[in-house]
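Given next are the chains, with one letter for each unit.
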Amino acid sequence: MAESKARDMSRFGQIDHLQGSATAGSLLVTGEGNSTTTNLQQGLAKQWTNNTIATNTHTLQDSFNTSSLTDDGAGRTDMVFTNNMNAVRYSITASCSLNGSNYFAHLGNNSLQATNHYRINTTNDAGTIADYDCLCCTVHGDLA
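## Re the packing of aromatic side chains
What the rule picks out here adds up to three aromatic pairs. Between Phe81 and Tyr118 the ring centres are 5.7 Å apart and the planes differ by 45°, which places this aromatic pair in the tilted class. On the criterion of sequence distance, the pair formed by Phe81 in strand E6 (residues 76–81) and Tyr118 in strand E9 (residues 117–124) is long-range, its members being 37 residues apart. For the residue pair Phe81 and Tyr118, the accessibility class agrees, reading buried in each case. Of the residues examined, Tyr118 reaches a relative accessible area of 0% and is grouped as buried. Through pairs of rings, three or more aromatic residues link up here, namely Phe81, Tyr90 and Tyr118.

Listed below in structure tokens is the structure:
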């Protein structure tokens, strides 16, 4: 039965909605070796941003699930979610740059990671907190 459904779906050029057969909010995808499955919902980015600073003005160049940015001082940027995360422990990946120099993005500390926002600190290669030209962040985890 499942094979015939897959053949039937292959006739369509576009699909607007996918739904798991056992759980509506979950879709399993078989891995490359056909030996494991991955929950597609778990692997999707739940938030991402591309931000710039020019003359102390933070600008969201592009984003997903980001309602705003807050400038919390030199090298400190708070990302505010449109839709909150389920818990305060989620994965954040960030990178930044300033005119091609070595700059580093990192979490300020655990208290600055909440269900509705998180803070990224940016530092130069000497470890001094400093603003960036471009900051990109991605979050993985469970939405509330």
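## A look at the sheet that holds strand E7 (residues 91–97)
The sheet built from four strands is open, its strands ordered E4-E3-E10-E7 with antiparallel pairing. Sheet topology places strand E4 (57–64) and E7 at the edges, where each strand pairs with a single neighbour. Each neighbouring strand pair of the sheet contributes to a mean axis angle of 15°, computed without reference to strand direction. Sheet topology note: the strand E3 (residues 47–54)/E4 ladder contains seven bridges and is antiparallel. What sits directly across from Asn51, in E4, is Leu60.

## As for the pattern of salt bridges
A complete count under the given rule lists two salt bridges for this structure. With its nearest N and O atoms 2.4 Å apart, the salt bridge here joins Arg119 to Asp72. In this pair, Arg119 sits in strand E9 while Asp72 sits in the loop between strand E5 (66–71) and E6, placing the two residues 47 residues apart along the sequence. Between Asp78 and Arg119 there is a salt bridge, and its shortest N-O distance comes to 2.6 Å. Of the two residues, Asp78 sits in strand E6 while Arg119 sits in strand E9, which places them 41 residues apart along the sequence. The exposure classification of Asp78 matches that of Arg119, with both residues buried.

How each quantity is defined
- Note that residues are indexed from 1 along each chain, following the sequence as it is written.
- Where totals are concerned, whole chains, interfaces and linings use all residues; where local detail is concerned, this predicted model gives features only for residues with pLDDT of at least 70, and gives and counts side-chain atom pairs only at 80 or more.
- Side-chain figures throughout are based on the complete set of non-hydrogen atoms in the structure, without hydrogens or water.
- Pairing of aromatic side chains here covers Phe, Tyr and the six-membered ring of Trp, requires ring centres within 6.5 Å, and sorts the geometry by plane angle: under 30 degrees stacked, over 60 edge-to-face, intermediate tilted.
- Starting at the N terminus, helices and strands are each numbered in turn, a helix being any DSSP run of H or I of at least four residues and a strand any DSSP run of E of at least two.
- Per-residue accessibility, obtained with a 1.4 Å probe over protein chains only, is compared with the maximum for each type, and a residue is labelled buried under 20%, exposed over 50%, and partly exposed between these values.
- Pairing between strands requires that DSSP locate at least two bridges from one strand to the other.
- Angles shown run from 0 to 180 degrees and are taken between the N-to-C directions of axes, each axis being a line fitted to C-alpha atoms and, for helices, limited to the stretch in contact.
- Salt bridges are defined by distance alone: a side-chain nitrogen of Lys or Arg within 4 Å of a carboxyl oxygen of Asp or Glu.

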